[in-house]
Amino acid sequence: IGGQSMLSQIVKQLSNDFEDIIVIGCTQADIPNISGLRGVYEDVLDQSASLVGIYSALLQSRSQFLYVTACDMPYYNSDYVTYMKSIIENSPDLSGCVTRYQEWIEPFNAFYNVDLIPQIQTFLKSGRKSIYKCLKNENLYYIDESIGRNYSPGWEMFSNLNTPDELKKHIKNAKSSIWRILF
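Rules used throughout
Residues numbered from 1 in each chain as written. Predicted model: local features only at pLDDT ≥ 70, side-chain atom pairs only at ≥ 80, totals over all residues. Heavy atoms only, no water. Helix = DSSP H or I, 4+ residues; strand = E, 2+ residues; numbered from the N terminus. Buried < 20%, exposed > 50% of the residue type's maximum accessible area, 1.4 Å probe, protein only. Areas by Shrake-Rupley, 256 points an atom, 1.4 Å probe, with all protein chains shown as cover. Axes fitted to C-alpha atoms, helices over the stretch in contact; angles between N-to-C directions. Left-handed = near helix turned anticlockwise from the far one by under 90°. Contact = heavy atoms within 4.5 Å. Nonpolar A, V, L, I, M, F, W, Y, C, P; charged D, E, K, R; others polar. Core = buried A, V, L, I, M, F, W, Y, C linked by side-chain atoms within 4.5 Å. Polar contact = N/O pair within 3.5 Å; in protein donor to acceptor, adjacent residues only side chain to side chain. Salt bridge = Lys/Arg side-chain N within 4 Å of Asp/Glu carboxyl O. Pairing = 2+ DSSP bridges.

(A) Focus on the overall build of the protein. When its secondary structure is counted, the protein shows seven helices and six strands. Along the protein, helices (α) and strands (β) appear in the sequence α-β-β-α-β-α-β-β-α-α-β-α-α when read from the amino end. Expressed as a percentage of its 183 residues, the buried residues of the protein come to 40%. Summing over all exposed atoms, the protein offers an accessible surface of approximately 10,500 Å²; the carbon and sulfur share of this is 49%.

Put into structure tokens, the structure is as follows:
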């Protein structure tokens, strides 16, 4: 997009709010040279599940809380991240900060405490993979969907691009936004 990979654009956005950025689920050889990364790490378990990625990232974290997004989520919202950070700063005993979507949670664009590592490890060893079920009894701060929609009325900050059509639509919208800024 605009001569940059989506991952490069996401890392650039994240670097405005975070000094320590890692990529999980691949090797350095799998991605182009992207500046601003501390490291690229493979998943620690050979299971295909988002919870494995979160667990792997928590193991690499250098801070108590880890912000987690996905490499196919291009709509970063710095104001919302700042809002979540303020929640954590006011309640450092939390296990995480996630946003509700109806009766579920949005597992990405969320913060997790490294203290969750043993619970997630036990849950994954039992063969289960559901992030929601793993975390439902933890001390998470749940942001109401209505508050999330104040920051992202169309829920873009939780959208990921799973198909070529979704990517084409994103590129078209990105180009349209550039023209609105230029003129």
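(B) Representation of the packing of helix 2 (residues 50-60) against helix 4 (residues 117-125) within the structure. The contact between helix 2 and helix 4 brings their axes to 10 Å, and the two run at 145°. In this structure, the crossing between helix 2 and helix 4 has a hand that is left-handed. Where helix 2 approaches helix 4, its residues L51, V52, Y55, L58 and L59 are matched on the opposing element by I117, I120, Q121, F123 and L124. Taken together, the residues of the contact of helix 2 with helix 4 break down into nine nonpolar, one polar and no charged.

(C) Spotlight on the nonpolar core. In terms of nonpolar packing, the biggest core is built from 28 residues, with L14, F18, Y67, V81, M84, C97 and F111 touching the most fellow members. With sequence-adjacent residues up to four places away left out, Y67 is seen in contact with L14, F18, Y76, V81, M84, N109, A110 and F111.

(D) Spatial organisation of the side chain of E145. Mapped onto the elements of the fold, E145 is located in helix 6 (residues 145-151). For E145, the side chain forms a polar contact with the main-chain nitrogen of Q102, separated by 2.9 Å. Residues contacting E145, with those up to four places away along its chain left out, are R100, Y101, Q102 and W155.

(E) Looking closely at the pattern of salt bridges. Under the counting rule described, the total for this entry stands at two salt bridges. For D20, the salt bridge goes to R38, with nearest N and O atoms at 2.5 Å. With a gap of 18 residues between them, D20 in the loop between helix 1 (6-14) and strand 1 (22-24) and R38 in the loop between strand 1 and strand 2 (39-41) connect regions that are remote in the sequence. The exposure class of R38 is partly exposed, given its relative accessible area of 24%. Across the pair R149 and E145 runs a salt bridge whose closest N-O atoms are separated by 3.0 Å. Of this pair, R149 and E145 both sit in helix 6, separated by four residues, roughly a single helical turn.

(F) Highlighting the sheet that holds strand 6 (residues 140-143). In spatial order, the strands read 3-5-4-6; together these four strands make up an open sheet with mixed pairing. Looking at which strands have only one partner, the edges of the open sheet turn out to be strand 3 (65-68) and strand 6. Across the sheet, the mean angle from the axis of one strand to that of its neighbour is 30°, orientation sign disregarded. With four bridges connecting them, strand 4 (residues 96-101) and strand 6 associate as parallel partners. The residue of strand 6 that forms the bridge with C97 is Y141. The sheet contacts of helix 3 (residues 78-90) involve strand 3, strand 4, strand 5 (104-113) and strand 6, and relative to strand 5 the element is tilted by about 60°.

(G) Main features of the side chain of S56. Following the sequence through the fold, S56 ends up in helix 2. Polar side-chain contacts of S56 include one of 2.8 Å to the backbone oxygen of V52. Not counting residues up to four positions away in its chain, the partners in contact with S56 are I24, E42, D43 and V44.

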